[in-house]
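Structural description and commentary
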Amino acid sequence: MELSIYFLLFGVLSCYVYGEQSSQNFTSIFSFGDSYTDTGNFPTLAAAAGWPISFTSIYPPYGETFFHQPAGRWSDGRLIIDFIAEEYGLPYIPPYKAYTGSFNQGANFAVGGATAINVEFFEKNGYVKFNMIRDSLDYQLAWFEELKATLCASTEECKEFFSTSLFTFGEFGANDYSFMLEAGVSVNEVRTYVPQVVQLISAAVEQVISAGAVTLAVAGQLPTGCIPIILTLFQNSNSDDYEANTGCLKAYNNLAMYHNVLLRQELMRLRSKYPHVKLSYTNYYDPIINIVKSPCLPGKYCFIDKPLQVCCGKDGPYNYNLTELCGMPGVDACQTPSTYLHWDGVHLTEAAYHYISDTWLHGPFADPPIKAPRN
């Protein structure tokens, strides 16, 4: 109850502080994150690391809806970062490790599978059985510092350059928790790592603020218990483990909510520390839960009546299993991806990303909205 009152009061104050601000026209966008934001870094880094790439987003039907071919994105089409770029009349943000042109209008440092905690932690503790790509948040920040030296020549010049940039941070923590959970770590033990993950996100935000960032959007966790891979890996016959109104797994959704509470508290602290900065909390949890509970939303978005089903998959209760993944031979996509929430069992469809991006840009699922709310 105390937390609910706390956030209610903060929401009122946020509306008062930001409600009168006009939306800014950004000249560049810089993005950090994982596969929900990656626009092509993963295939390049995976190939360089000697990984087999037969299961990645370089194969059809990835990209079929908008690009009509694989475009480095883990979806059938555009991602939230693409819709944000469109909103501001900017080109799609190029992947830093897979592009040789100019980054004057922004760069995407996000990589599929990226973690907040350093990758060596997962290898050292045996949470993964493979050599990870060096793509965790600390590596992405190092790439930013590397690029920064080519964009501006002094502290003052950098602050001027980045003052008209939008910085976005994806839902860091999702892979951290998933790697541990899939390794057999209990939900309760994984929960103890949440404060560390949130602090790493906070430190990253402060690093780019020190470089001159004044407009940032930081994403919280999705309802993890509604994601088909989690529903498949941890399915059981105990009805008490599932939410009655969604069919999602309670424990994993509770983990995500705990992360989101701590993240929002930390962002509030940063707002007080940096009053000149506009720092938005971008909410994945509520728009996705809304779709699961009520697939046909007001307006143009109407999803399938079974919103936990996967569009591009095969077999299993959610049309998903770990041996027949999207992009593999014999695994086809549904005929109408725009009516599905889930694309491949882990990632969302372009239609879902479009809906969520709209709620982040104009409200109500960003605090404050990245752009001024519509009248």
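Read on for an overview of the structure. (Residues numbered from 1 in each chain as written. Predicted model: local features only at pLDDT ≥ 70, side-chain atom pairs only at ≥ 80, totals over all residues. Heavy atoms only, no water.)

Some words on the environment of Asn-321
The following threshold applies: Secondary structure elements follow DSSP: runs of H or I no shorter than four residues count as helices, runs of E no shorter than two count as strands, and numbering proceeds from the N terminus. Note on classification: 1.4 Å probe, protein chains only; a residue is buried when its accessible area is under 20% of the maximum for its type, exposed when over 50%, partly exposed between these limits. Contacts were defined at the residue level, with two residues in contact if any of their heavy atoms lie within 4.5 Å. For the purposes of these results, a polar contact is taken to be a pair of N or O atoms within 3.5 Å, where, inside protein, one atom must be able to donate a hydrogen and its partner to accept one; residues adjacent in sequence count only when each atom of the pair is a side-chain atom.
Following the sequence through the fold, Asn-321 ends up in the loop between α12 (285-293) and α13 (350-362). Given a relative accessible area of 13%, Asn-321 falls into the buried group. Ignoring anything within four residues of it in the chain, the contact list for Asn-321 reads Lys-314 and Asp-315. Of the polar contacts made by the side chain of Asn-321, one reaches the backbone oxygen of Lys-314; its length is 2.5 Å. A polar contact of 3.0 Å, which involves the side chain of Asn-321, links it to the backbone nitrogen of Glu-324.

Concerning unusual backbone geometry
Here the residue pair Pro-60 and Pro-61 is connected by a cis peptide bond, since its omega of 10° sits within 30 degrees of zero. Among the secondary structure elements, Pro-61 is positioned in the loop between α2 (41-48) and α3 (80-87). That bond from Asp-367 to Pro-368 is cis: its omega, -10°, falls within 30 degrees of zero. Within the element layout of this structure, Pro-368 appears in the segment after β6 (366-367). In this structure, Asn-319 takes a positive phi of about 60° despite not being glycine. Looking at where Asn-319 falls in the secondary structure, it is placed in the loop between α12 and α13.

Some words on the state of the cysteines
Rule in force here: What counts as a disulfide here is a pair of cysteine sulfur atoms lying within 2.5 Å.
Tallied over the full model, the rule gives 5 disulfides. Put simply, Cys-312 and Cys-326 are joined by a disulfide, and their sulfur atoms are 2.1 Å apart. Linking Cys-312 and Cys-326, the disulfide has an S-S dihedral of approximately 90° and is accordingly described as right-handed. Separated by 14 residues along the polypeptide, Cys-312 in the loop between α12 and α13 and Cys-326 in the loop between α12 and α13 bring together distant segments of the chain. Assigning the bonded cysteines of the protein chain consecutive numbers by sequence position, one obtains the connectivity 1-2, 3-4, 5-6, 7-10, 8-9.

Description of the environment of Tyr-353
Tracing the backbone through its elements, the reader meets Tyr-353 in helix α13. Taking C-alpha positions, Tyr-353 is 9.3 Å from Ser-75, a pair spaced 278 residues apart along the chain.

Quick look at the side chain of Asp-76
Condition: Under the convention used here, Asp and Glu are negative, Lys and Arg are positive, and both His and the chain ends fall outside the count. In what follows, salt bridge is the name for a side-chain nitrogen of Lys or Arg lying within 4 Å of a carboxyl oxygen of Asp or Glu.
With respect to the helices and strands, Asp-76 occurs in the loop between α2 and α3. Nearest to the buried, unbridged Asp-76 among oppositely charged side chains is Arg-78, at 8.7 Å. A polar side-chain atom of Asp-76 sits 2.8 Å from the main-chain amide nitrogen of Glu-350. Not counting residues up to four positions away in its chain, the partners in contact with Asp-76 are Gly-63, Glu-64, Thr-65, Phe-66, Pro-337, Trp-343, Thr-349 and Glu-350.

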